[in-house]
Amino acid sequence: MSNIVRDSDVVEIVDPPVFTYGDKVRSRRTIRNDGTYAGKEIGDILARKGEEGYVVSIGTFLQQFYIYGVEFVDTGYRVGMKRKELDAVAAAEDDADLPLPTARPRVWEGGPS
């Protein structure tokens, strides 16, 4: 039997993901490259504590955890993070999308006089 070290006995994937695509999130801790981020040295900082980004993908790890692909706005790095490493950022009212205009059928009024 293999010796897999798990972070906890909790299996997150029995429930739906906490975050969804497009959610704004904040890093709860500084994340360093563990060797899985191409083009960066091991130990390089990928996300600083408090840095904000958006969830762009959702996967799983060890059939236990959701891994959220977060694209950080300031650096442009896309980093896979666990739920315990993220906090939700409440959308400010000015960040909300404006409603799309409704299409009205064009009414032709008149013709050649």
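Rules behind the numbers
Counting starts from 1 at the beginning of each chain's written sequence and moves along it residue by residue. The model is predicted, so local features are restricted to residues of pLDDT at least 70 and side-chain atom pairs to those at 80 or more, both for listing and for counting; the totals for chains, interfaces and linings are taken over all residues. For side-chain calculations, the full set of non-hydrogen atoms in the structure is used, while hydrogens and water are omitted. What goes into a patch is any residue over 30% in relative accessible area without a salt bridge, connected to like charges within 9 Å or, for nonpolar side chains (Val, Leu, Ile, Met, Phe, Trp, Tyr), within 5 Å. Here the open area of atoms and residues is found with the Shrake-Rupley method and a 1.4 Å probe, where only the protein chains shown may cover a residue. In what follows, salt bridge is the name for a side-chain nitrogen of Lys or Arg lying within 4 Å of a carboxyl oxygen of Asp or Glu. Each helix is a run of H or I in the DSSP string that is no shorter than four residues. Each strand is a run of E no shorter than two, and both are numbered from the N terminus. In this scheme, a residue with accessible area under 20% of its type's maximum is buried, one over 50% is exposed, and one in between is partly exposed, where area comes from a 1.4 Å probe on protein chains only. Polar contacts here mean pairs of N or O atoms no more than 3.5 Å apart (in protein, one a potential hydrogen donor and the other a potential acceptor; neighbouring residues in sequence count only if both atoms are side-chain atoms). Two residues qualify as a contact provided that any one of their heavy atoms is within 4.5 Å of a heavy atom in the partner residue.

Q: Could you give an account of a nonpolar patch on the surface, with specific residues and numbers?
A: A cluster of nonpolar side chains, Tyr54, Val56 and Val73, forms an exposed patch at the surface whose accessible area comes to about 240 Å². As for its position among the elements, Val73 is in the loop between strand 5 (65-72) and strand 6 (78-81).

Q: Let's hear about the side chain of Asn33: which residues, and what values?
A: For Asn33, the position within the fold is in the loop between strand 2 (31-32) and strand 3 (45-47). Take Asn33: its relative accessible area is 4%, and that puts it in the buried class. At 3.3 Å, the side chain of Asn33 forms a polar contact with the backbone oxygen of Glu41. Setting aside chain neighbours within four positions, we find Asn33 in contact with Lys40, Glu41, Ile42, Gly43, Asp44 and Leu46.

Q: Can you explain the environment of Gly59? Please cite residues and give values.
A: Its place among the elements puts Gly59 in strand 4 (residues 52-61). In this structure the C-alpha to C-alpha distance between Gly59 and Pro17, which are 42 residues apart in sequence, comes to 9.5 Å. The residues touching Gly59, leaving out its near neighbours within four places in the chain, are Phe65, Tyr66 and Ile67.

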